Amino acid sequence: MEDCVFCKIIKGEIPSNKVYEDEEILAFKDINPAAPIHILVIPKKHIASLVDMKEGDEILISKIYTVINKIAQDIGIDKKGFRVIVNCGEDGGQEVAHLHFHLLAGKKLGEKIV
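Here goes a summary of the coordinates provided. (Residues numbered from 1 in each chain as written. Predicted model: local features only at pLDDT ≥ 70, side-chain atom pairs only at ≥ 80, totals over all residues. Heavy atoms only, no water.)

**A word on the environment of serine 62**
Move 1: The topology assignment puts serine 62 in helix α2 (residues 57–75).
Move 2: Between the C-alpha atoms of serine 62 and proline 33, which are 29 residues apart in sequence, the distance is 24 Å. (Helix = DSSP H or I, 4+ residues; strand = E, 2+ residues; numbered from the N terminus.)

This is the structure:
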């Protein structure tokens, strides 16, 4: 998508602080962190939201969770814990229309999400 900020980050048109990258997935630090550790994990394929997934995209989503686990291990948050959030649509709090997973950690996050 031409006007998608995450697609521009993937193309290198907008700089990011990369944590992980392969041919299908990019992970980078959120510029407005909601926790001491706040990483966004995104597919390089433009998928607007969870409801826009097509047949076959579940393989990519499964890989994203594998990457999240790898990142958690690499930065040492796998033992104490972390939270993964996917917002879907306006009422769900999705601000960028490109599927993304928030990896939050670095403090006790509590039981409630809101």
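From this point, the narrative continues.
**Examining the packing of aromatic side chains**
Move 1: One pass over the full model with this rule turns up 2 aromatic pairs.
Move 2: Taken together, a centroid distance of 5.7 Å and an interplanar angle of 75° make the contact between phenylalanine 6 and phenylalanine 28 edge-to-face. Of the two residues, phenylalanine 6 sits in helix α1 (residues 5–11) while phenylalanine 28 sits in strand β2 (residues 25–29), which places them 22 residues apart along the sequence. You'll find phenylalanine 6 and phenylalanine 28 in the same group, each marked buried.
Move 3: An angle of 85° between the planes, with centres 5.4 Å apart, marks the rings of tyrosine 65 and phenylalanine 101 as edge-to-face. In this pair, tyrosine 65 sits in helix α2 while phenylalanine 101 sits in strand β5 (residues 101–105), placing the two residues 36 residues apart along the sequence.
Move 4: In this structure tyrosine 65 comes out as partly exposed when scored by relative accessible area, which is 39%. (Phe/Tyr/Trp six-rings, centres within 6.5 Å; stacked < 30°, edge-to-face > 60°. Buried < 20%, exposed > 50% of the residue type's maximum accessible area, 1.4 Å probe, protein only.)

**Considering the nonpolar core**
Move 1: Ranked by internal contacts, the top residues of the largest apolar core, which has 18 residues, are Ile25, Val41, Ile64, Ile71 and Phe101.
Move 2: Listing elements by their share of this core, those giving two or more residues are β2, β3 (37–43), α2 and β5.
Move 3: Counting residues in hydrophobic clusters, the runner-up holds 10 residues, among them Leu26, Phe28, Ile42 and Val96. (Core = buried A, V, L, I, M, F, W, Y, C linked by side-chain atoms within 4.5 Å.)

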